[in-house]
Every structure is written in structure tokens, then in C-alpha cells.
Amino acid sequence: MTRAGTRTPPAARIGWAAAGVLVPVLLWEAYKFAGPDDGVSVGSMPLLPRTTDLAMPHVWTMLARLAEPVTSAAGAQPLWLAVLAAAAFTLGIAAVGWFIGVLVGLGLAMVMQRFRAAGSALLPWIILSQTVPLIAIAPLVRRWGSQLEIGSFSWENWMSVAVIASYLAFFPVAIGALRGFASPQVSHLDLMHSYSVGWWRSFLFLRLPASIPYLLPALRLAAANAVIGAVVAEVSIGLKGGIGRMIVEYAAAAGGDPGKPWAPIFGAVLLGLAAVSATTVLGLFLHRYRRGEQAA
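Keep in mind that this is a model prediction, so the values were computed, not measured. (Residues numbered from 1 in each chain as written. Predicted model: local features only at pLDDT ≥ 70, side-chain atom pairs only at ≥ 80, totals over all residues. Heavy atoms only, no water.)

Enquirer: What is the right way to look at the overall build of the protein in this model?
Expert: Per the secondary structure count, the protein includes 10 helices and two strands. Counted from the first residue to the last, the protein has its helices and strands arranged as α-β-β-α-α-α-α-α-α-α-α-α. Reported as C-alpha extents along the three principal axes, the dimensions of the protein are approximately 75 × 60 × 45 Å. By the burial criterion, 34% of the 296 residues in the protein qualify as buried. Of the contacts formed within the protein by residues at least 6 apart in sequence, a portion of 70% connects residues at least 24 apart. With the model as given, the accessible surface of the protein reaches about 17,400 Å², and the carbon-plus-sulfur share is 69%. Taking the 20 positively charged and 12 negatively charged side chains of the protein as two groups, their mean positions are separated by 17 Å. (Helix = DSSP H or I, 4+ residues; strand = E, 2+ residues; numbered from the N terminus. Buried < 20%, exposed > 50% of the residue type's maximum accessible area, 1.4 Å probe, protein only. Contact = heavy atoms within 4.5 Å. Areas by Shrake-Rupley, 256 points an atom, 1.4 Å probe, with all protein chains shown as cover. Lys, Arg positive; Asp, Glu negative; His and termini not counted. Charge placed at Lys NZ, Arg CZ, Asp CG, Glu CD.)

And the structure:
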């Protein structure tokens, strides 16, 4: 929506989307054409990367490598298919983490809105939680999870990755939902009080619908955060089969196959876009509440 309340024409949206892809590609190729082979450095501090084919391959080299087999072994599958399978594996874990993060974020927001003391006590810790580096807590989560013994239940490594993904996903949901739950006008709240409507019914019929313009952007941001958390956790924990581990493994081939390490990076980008697009579908069912959508 624009400021005047009119929708952006579809052609304009497509044009901006195409520009978002083409401009980085053009900048990449322009720097590779004009930049020095050894990059740009100030003293011993590198500022811009090298432009050799090994360090900075052409975009068409990366794309052409996707159509080639993963290895030279007979019967090896195409690289794009291997990347797609790894991205689907990570997407499934990120979806679990997103779902857990949404539940935790909504629960915390409800508690903080209902009890002012709880909000004063929890909100600083929620903010501080996002300052802890994931690479430090991922091995701890794996270790703690492996020590759980509940009957025949067995903790698996992918569950640790899902927990890390939810750790990043809950934050924007908690903050966005808290803002949304507090957004109804005072006159509307007074009307509920005058009708002796309890907190729970007031929440369901007033606060929750009013929070949708704040909550939808938060859900999209949570989806992107869940993907980031899943990829980083896969690297830290060493979980095989996902896009994070593939990025590390393929990086070793950069010296002799410069296009290959970029394939899982493209997969990670596609993964993030797919996650955010999936959450955008929710807005189609809640369009009547989306007027005045706010940033998370």
C-alpha cells in the first residue's frame, strides 16, 4: 500500500523485483571488469575483494555450474538437484523452528500485555537474548538435548537445529505481537469495559484482530530469522543433509571449481525467499485486517 492508500500496480511490483535481482548482478560484473585483480586494500586491511576468476567468478559461470553434475563420478546427480534437496531439508527444520518460535513469541506477548509487571521483567531479557551468538549456544543446545531421557524418546541433531531456529524466530513475533495487542484505541477498550467483557474475550475479539497489521510483518521476519538460525546451527552442530553443511563442504572446492561454492549460497537465498513467501500466504486469508500494516 502507498501513502495515499492505493495499491502498487502489478507491473511496477514486477519491475522492482526484477531490479532487485539485476542491479546486484550488474554491480558484481562491473566491479569484476573494472576492479584490480588483487582487490583494494588500505595498508594490510582489505576493503574490496579480488577480481580473479577463482575468487570472483562470473555470474554465468555460477549459473552454468548448477546444470553440471556435483562430481565427475558416473551417475552423479546435477548440482541444482543436490542444492534443492538440501534446501528442502533445511526448510523443513526451519518450519518447525518457526512454528515453535511463533507459539513462544505469542505466549510471551500475551503474558506481557496481560501483566504489566511481567512485561517489565521479561522484555529486557527478551532483548538481551538476541545478543548471544548462535555459534556459541548451538553446541550447548545439542549437548543438553542429548542428555534428555524421556522413556523411548531420543533427541536427534535436527531437533537442536530447530530449537536454534526458534530462538531467532520468537523475538520479532514477541515484539510485534506486543505492539499489536496494545494498539486498540482507548475508546474501543472502554466500550469493552462498559459491556463488562472479560480480558480473554476482549483479547480474542479486539486485541488479536487489531494486532494483525503488526503481526504479519513480524511473522515474515521470523521466517527469515528461522532460516538463518537453521543454516548457522547446521554449520555449528555439523548436521549433514542441509544447506548450511553444504556451504561448508563446497567451500573446500573453491580453489579448483570456483562456481561450485556459490550453488548452496543461491540455495540459501532461495530458501529464505520461499520461507517468507509461505508466510505471506497467511496475509491472503487475513486481508480484511491488513489495513495500515506496520513494520515489525
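Enquirer: Help me out: how do you make sense of the pattern of salt bridges in this one?
Expert: Pairs can form between side chains of opposite charge whenever their charged atoms are close. What the rule picks out here adds up to four salt bridges. With a shortest N-O distance of 2.8 Å, R65 and D257 are connected by a salt bridge. Note that R65 is positioned in helix α2 (residues 59-66) and D257 in the loop between α9 (243-251) and α10 (262-285), a separation of 192 residues in sequence. The class of R65 is buried, set by a relative accessible area of 8%. One salt-bridge network, held together by shared partners, links R65, E68 and D257. (Salt bridge = Lys/Arg side-chain N within 4 Å of Asp/Glu carboxyl O.)

Enquirer: Whenever I open this one, helix α6 (residues 157-181) confuses me. Can you help?
Expert: In an α-helix, one turn spans 3.6 residues, which is why side chains three or four residues apart end up on the same side. The end-to-end C-alpha distance of α6, which contains 25 residues, comes to 36 Å, matching closely the 36 Å that a straight helix rising 1.5 Å per residue would cover. Considering bend angle alone, the principal kink of α6 is centred on A169 and spans about 30 degrees; proline P172 follows within four residues of it. With 18 of 25 residues buried, α6 lies mostly within the body of the structure. (Expected span 1.5 Å × (residues − 1). Bend = angle between axes of the 7 residues up to and from the residue.)

Enquirer: How should I be thinking about the layout of surface pockets in this particular structure?
Expert: Space left empty within the atom packing is revealed by a probe, the size of a water molecule, rolled over the atoms. Its boundaries defined by the atoms lining it, the largest pocket holds a volume of some 510 Å³. Lining the largest pocket are 15 residues, with V21, P24, V25, V59 and F266 positioned closest to its centre. Sorting the residues of the lining of the largest pocket by element identifies α1 (10-34), α2 and α10 as the ones contributing at least two each. Residues of the lining of the largest pocket, tallied by class, amount to 14 nonpolar, one polar and no charged. (1 Å grid on protein atoms, 1.4 Å probe; cavity = no way out; pocket = protein on both sides within 12 Å on 5 of 7 lines; lining within 4 Å. Points joined across faces, edges and corners; volume = space filled by probe spheres on them. Nonpolar A, V, L, I, M, F, W, Y, C, P; charged D, E, K, R; others polar.)

Enquirer: Quick question: what am I supposed to make of the UniProt feature "transmembrane region" (unreviewed entry) in the protein here?
Expert: According to UniProt, the positions carrying the feature "transmembrane region" (unreviewed entry) are residues 79-109, 121-138, 158-178, 199-216 and 265-286. Taken end to end, residues 79-109 has its terminal C-alpha atoms 43 Å apart, with 100% of it in helix and 0% in strand. For residues 121-138, helix accounts for 78% and strand for 0%, while the C-alpha atoms at its two ends are 26 Å apart. (UniProt positions renumbered as here; feature names shortened; annotations may be inferred.)

Enquirer: Can you walk me through the packing of α2 against α10 in this structure?
Expert: Look at α2 against α10: their axes get within 9 Å of each other, and the N-to-C directions meet at 85 degrees. Relative to α10, the element α2 is oriented roughly perpendicular. Contacts between α2 and α10 involve M62, L63 and L66 from the first element and W262, A263 and F266 from the second. Residues that form the contact of α2 with α10 fall into these classes: six nonpolar, no polar and no charged. (Axes fitted to C-alpha atoms, helices over the stretch in contact; angles between N-to-C directions. Parallel < 35°, antiparallel > 145°, perpendicular 65-115°, else oblique.)

Enquirer: Looking at this structure, I do not really get the packing of α6 against helix α8 (residues 199-237). What am I missing?
Expert: Relative orientation of the contacting elements α6 and α8 amounts to 150 degrees, with a least axis distance of 6 Å. In terms of axis orientation, α6 runs roughly antiparallel to α8. Crossing hand, α6 versus α8: right-handed. Among the residues forming the contact of α6 with α8, the class breakdown is 23 nonpolar, seven polar and three charged. (Left-handed = near helix turned anticlockwise from the far one by under 90°.)

Enquirer: I'm lost on the environment of V141 in this one. Help?
Expert: By secondary structure assignment, the location of V141 is in helix α5 (residues 134-146). Among the residues examined, V141 registers a relative accessible area of 13% and is labelled buried.

Enquirer: Before we go on, may I ask you to explain the environment of V227 in this structure?
Expert: With respect to the element layout, V227 can be found in helix α8. Among the residues examined, V227 registers a relative accessible area of 6% and is labelled buried. Separated by 134 residues in the primary sequence, V227 and I93 place their C-alpha atoms 8.6 Å from one another.

Enquirer: How should I be thinking about the pairing of strand β2 (residues 45-48) in this particular structure?
Expert: On any regular strand, side chains alternate: one points to one face of the sheet, the next to the other face. Pairing between strand β1 (residues 40-42) and β2: three bridges, direction antiparallel. Residue pairing in the sheet places V42 in a bridge with M45 of β2. Here β1 hands over to β2 after two residues, with G43 in that stretch at a positive phi of 70 degrees. (Pairing = 2+ DSSP bridges.)

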